[in-house]
2 protein chains.
Amino acid sequence: MEKQLRMTHQREVILSELGKCHTHPTADELYERVKKKLPRISLATVYRNLEILSEAGLIRKLEVSGRQKRFDWDLRQHDHIYCVHCHRVDNIDLKGKKRLSLPARESKGYEVSGCRIEFFGLCPGCRKIQQKTRKGEEKMGCKTCGTGLSDKQREVLEALAKCKDACGSKDIAAATSLEPKQVSCQITALKKKGYVASPARCKYEITSEGKAALS
Amino acid sequence: MEKQLRMTHQREVILSELGKCHTHPTADELYERVKKKLPRISLATVYRNLEILSEAGLIRKLEVSGRQKRFDWDLRQHDHIYCVHCHRVDNIDLKGKKRLSLPARESKGYEVSGCRIEFFGLCPGCRKIQQKTRKGEEKMGCKTCGTGLSDKQREVLEALAKCKDACGSKDIAAATSLEPKQVSCQITALKKKGYVASPARCKYEITSEGKAALS
DNA sequence: AAGGTACATGGTAACTATTATTATGTCAAT
DNA sequence: ATTGACATAATAATAGTTACCATGTACCTT
């Protein structure tokens with residue numbers, strides 16, 4: 001009645017690609033690599049097998065910070081360090097001497113089965129980038145917001161681009177099909193994205209980032 | 001040009017409820033609690049404010065294992081222990097004496113900004129449950145699968161419920177509108193959920209869990 | 001060897017957790 | 001009294017992951 005594990009071709013490729021990575025890849029990073037060898041493989045197959053293989057103890061599923069799960073081919077006990085900027089994960093070896101244990105009286109009634117140690121900081125690559133771009137760090141780090149424009153936002157931004165000087169929201173409302181209330185709502189969003197600046201109270205102008213976003 | 005933080009009623013309630021919790025709640029656990037005081041509050045408001053409050057330094061956003069973010073009202077330096085079964089999170093105090101530091105030569109070029117220590121195991125509550133139910137542990141731990149039936153699954157299960165003795169997949173196919181291939185596919189899924197058992201090869205019967213799932 | 005089941009796959013729909021969008025509301029400062 | 005900064009509720013959109021199911025393949029019995 002043992003659960004039987006069949007070593008299929010897909011599984012072999014997934015395992016061997018994971019073995020070649022020293023980067024603790026996420027499921028879809030691995031999917032991209034595997035797809036080069038097996039172009040017809042499904043993303044679901046990669047997910048399914050990573051799960052099955054880790055349950056079988058052939059690989060290890062990492063519990064690390066960040067939204068995506070990561071997988072590790074190295075089964076030996078070791079800890080990790082990750083980059084808060086690009087989310088890359090590297091190995092750290094604490095050489096066993098510093099392994100922590102938790103006195104029973106402090107374990108709050110838990111049956112403790114282990115301990116995870118994780119350092120975090122900036123990886124070598126991201127340190128260089130950070131030094132170059134002192135400004136605009138927050139914008140850079142944002143994953144989805146900041147890029148892309150809705151139809152209304154684009155309309156307002158295009159109207160602003162045509163103005164030579166800074167103008168008020170009513171001027172823009174007149175230049176577009178939108179109502180004044182809608183305009184101010186869009187301007188708020190555009191300012192948040194850095195596409196619009198307000199040189200004076202009630203006056204707005206497009207920024208260079210805003211012009212870039214229009215093209 | 002300072003960003004101004006307005007202390008609204010919603011914000012007050014979110015903060016005070018978080019203060020009362022000693023459980024490091026997730027956003028929607030907190031939402032459920034806040035909703036009792038402010039029934040019209042939006043889940044998005046809770047998410048937004050937890051984000052804003054943690055950026056302002058009034059609360060702390062935790063990076064812990066598990067898929068959901070958790071929030072902590074206690075700003076002091078402390079570590080955590082979490083339950084691998086129910087994902088509850090408790091505080092652990094290592095008394096500072098064991099704080100780790102990473103020698104520069106071992107940091108792989110990272111600019112290290114900190115370290116997280118996290119114990120894991122079974123919480124007191126889950127230890128008791130585990131002792132009672134030696135079998136079926138895996139089924140218990142599963143989050144979404146195991147509950148719920150698709151239309152086809154329900155049809156097969158109802159047909160099985162009408163049989164007095166264990167019967168083969170062809171008998172079931174005859175009793176339903178489904179083809180034999182479809183039936184065996186559904187039986188596989190139902191077995192995985194524990195709703196169907198196979199007392200003998202090629203013979204299936206509904207389990208008590210299966211009967212419960214039908215009602 | 002044949003038959004039949006257990007296990008696997010690909011494609012896609014559905015799900016969970018989170019974030020963005022937007023109309024509207026509220027407050028403070030001109 | 002306006003105007004704009006900040007907030008909210010409701011909902012759509014998104015990312016990551018998992019479930020569903022038709023179909024394919026490997027492994028046991030007989």
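See the structure above.
Positions within a chain are numbered from 1, following the residues in the order the chain's sequence is written. Chains carry letters from A onward and ligands carry numbers from 1 onward, assigned in written order. Per-residue local features of the predicted model are confined to residues with pLDDT of at least 70, and side-chain atom pairs are confined, for both listing and counting, to 80 or more; whole-chain, interface and lining totals are unaffected and use all residues. Just so you know, side-chain values use all the structure's heavy atoms and leave hydrogens and water out.

Peer 1: Pulling in residues and values, what's your account of the relation of the copies chain B and chain A?
Peer 2: Screw-axis analysis of chain B against chain A gives a translation of 0.1 Å along the axis, an RMSD of 0.9 Å, and a rotation angle of 179 degrees. Expressed as an axis order, the relation between the two copies is that of a two-fold axis. Considering only C-alpha atoms, the part of chain B nearest the rotation axis is B:Ile117, at 2.3 Å. Both copies share a contact surface, since 95% of the interface residues of chain B are interface residues in chain A too. Copies are brought into register by a least-squares superposition over C-alpha atoms of residues with pLDDT of at least 70 in both. Contact definition: two residues touch when any of their heavy atoms are within 4.5 Å.

Peer 1: Let's hear about the interface of chain B and chain A: which residues, and what values?
Peer 2: Contact with chain B, which involves 41 residues of that partner, is made by 40 residues of chain A. Summed over both partners, the interface of chain B with chain A comes to about 3500 Å²; 53% of that surface belongs to carbon and sulfur atoms. Put simply, buried area is the surface a 1.4 Å probe can reach on two separate parts but cannot reach once they are joined, added for both. The largest contributions to the chain B side of the interface with chain A come from B:Tyr110, B:Arg116 and B:Phe119, which together make up 21% of the buried area. Salt bridge criterion: a side-chain nitrogen from Lys or Arg within 4 Å of a carboxyl oxygen from Asp or Glu. Counting across the interface, chain B meets chain A through four salt bridges. A salt bridge links B:Glu111 to A:Arg127; its shortest N-O distance comes to 3.5 Å. Any N or O atom pair separated by 3.5 Å or less is treated as a polar contact, with the protein-specific requirement of one donor-capable and one acceptor-capable atom, and with residues adjacent in sequence counted only for side-chain atom pairs. Taken together, the connections running from chain B to chain A amount to 18 residue pairs in polar contact (both at pLDDT 80 or more). Helix and strand assignments come from DSSP, with helices taken as H or I runs of at least 4 residues and strands as E runs of at least 2, each series counted from the N terminus. Counting residues per element, the ones that place at least two in the side of chain B that touches chain A are strand S3 (79-83), strand S4 (89-92), strand S5 (111-122) and helix H4 (124-132) of chain B. With 12 residues, the single largest contributor to the side of chain B that touches chain A is S5(B). Only Asp, Glu, Lys and Arg are considered charged in this grouping, and only Ala, Val, Leu, Ile, Met, Phe, Trp, Tyr, Cys and Pro are considered nonpolar; every other residue, Gly among them, is considered polar. Residues of the side of chain B that touches chain A, tallied by class, amount to 19 nonpolar, nine polar and 13 charged.

Peer 1: An account of the protein's contact with DNA strand C is requested, with residue identities and associated values reported.
Peer 2: Near DNA strand C you find 29 residues, and of these A:Arg11, A:Thr45, A:Lys152, B:Tyr47 and B:Lys69 are the closest. The share of sugar and phosphate among atoms of DNA strand C within 4 Å of the protein is 76%. B:Gln68 is positioned such that a nitrogen or oxygen atom in its side chain is 3.2 Å from a phosphate oxygen of DNA strand C. Contributions of two or more residues to the surface near DNA strand C are made by helix H1 (9-20), helix H3 (43-55), helix H6 (151-162) and helix H8 (180-193) of chain A together with helix H3 (43-55) of chain B. Whether a residue is near a molecule or strand depends on its heavy atoms: if one lies within 4 Å, it is near.

Peer 1: Tell me about the pattern of salt bridges, residues and numbers included.
Peer 2: The final tally for this structure, using the stated rule, is 22 salt bridges over all chains. A salt bridge links A:Lys20 to A:Glu17; the shortest N-O distance between them is 3.1 Å. On the criterion of helical spacing, the pair formed by A:Lys20 and A:Glu17 is a turn pair, its members being three residues apart in helix H1. You can call A:Lys20 partly exposed: its relative accessible area is 48%. Taking relative accessible area as the criterion, A:Glu17 reaches 3% and is therefore assigned buried. Here B:Arg88 makes a salt bridge to B:Asp90, at a shortest N to O gap of 2.8 Å. Only protein chains enter the area calculation, which uses a 1.4 Å probe; residues under 20% of their type maximum are buried, those over 50% are exposed, and those in between are partly exposed. The exposure class of B:Arg88 is partly exposed, given its relative accessible area of 35%. A single network of salt bridges, built from pairs that share partners, joins A:Glu17, A:Lys20, A:Arg33 and A:Lys37.

Peer 1: Residue-level account of helix H2 (residues 27-37) of chain A, with values.
Peer 2: Residues and elements named next belong to chain A. Listing the buried residues of H2 in full gives Ala27, Leu30, Tyr31 and Val34. Angular distribution of buried residues about the axis of H2 spans 105 degrees; they occupy a single face of the element. Along its buried surface, H2 packs onto H1, H3 and strand S2 (70-72). This arc is taken over the directions from the axis of the helix to the C-beta atoms.

Peer 1: Before we move on, can you summarise the state of the cysteines with the specific residues and values?
Peer 2: All names here are of chain A. Pairs of cysteine sulfur atoms within 2.5 Å are identified as disulfides in what follows. With the rule as written, the count across this model stands at zero disulfides over all chains. Here cysteine 83 stays free of any disulfide, with the sulfur of cysteine 86 as its closest cysteine sulfur at 3.7 Å. Its sulfur unpaired, cysteine 123 is 3.7 Å from the next cysteine sulfur, which belongs to cysteine 126.

Peer 1: An account of the sheet that holds strand S5 (residues 111-122) of chain A is requested, with residue identities and associated values reported.
Peer 2: The sheet built from six strands is open, its strands ordered S4(A)-S3(A)-S5(A)-S5(B)-S3(B)-S4(B) with mixed pairing. The sheet is open, and its two borders are formed by strand S4 (89-92) of chain A together with S4 of chain B, each paired with just one other strand. Taking the axes of each pair of neighbouring strands and ignoring which way they run, one obtains an average angle of 30 degrees across the sheet. Summarising the sheet, S3(B) and S5(B) pair through four bridges and their orientation is parallel. Its bridge partner being in S5(B), B:His80 is matched across the sheet by B:Glu118. If DSSP finds at least two bridges between two strands, the strands pair. Axis lines are fitted to C-alpha atoms, over the contacting stretch for helices. Their N-to-C directions set the angle, which ranges from 0 to 180 degrees.

Peer 1: I'd like to hear about the pairing of S3(B), residue by residue, with values.
Peer 2: Successive residues of a regular strand alternate their side chains across the two faces of the sheet. All names here are of chain B. S3 sits mainly inside the fold: five of its five residues count as buried. Here S3 shows no split at all, with Asp79, Ile81 and Cys83 on one side and His80 and Tyr82 on the other all buried. Pairing of S3 with S4 involves four bridges; the strand directions are antiparallel. Residue pairing in the sheet places isoleucine 81 in a bridge with aspartate 90 of S4. Hairpin connection, S3 to S4: the antiparallel pair is bridged by five residues, and histidine 87 has positive phi, about 65 degrees.

Peer 1: Residue-level account of the packing of aromatic side chains, with values.
Peer 2: Residues and elements named next belong to chain A. Pairing of aromatic side chains here covers Phe, Tyr and the six-membered ring of Trp, requires ring centres within 6.5 Å, and sorts the geometry by plane angle: under 30 degrees stacked, over 60 edge-to-face, intermediate tilted. A complete count under the given rule lists two aromatic pairs over all chains for this structure. Ring centres of tyrosine 82 and phenylalanine 120 lie 6.3 Å apart, and the angle between their planes is 45 degrees; on these two criteria the pair is classed as tilted. Taken together, the positions of tyrosine 82 in strand S3 (residues 79-83) and phenylalanine 120 in strand S5 put the pair 38 residues apart, joining distant regions of the chain.

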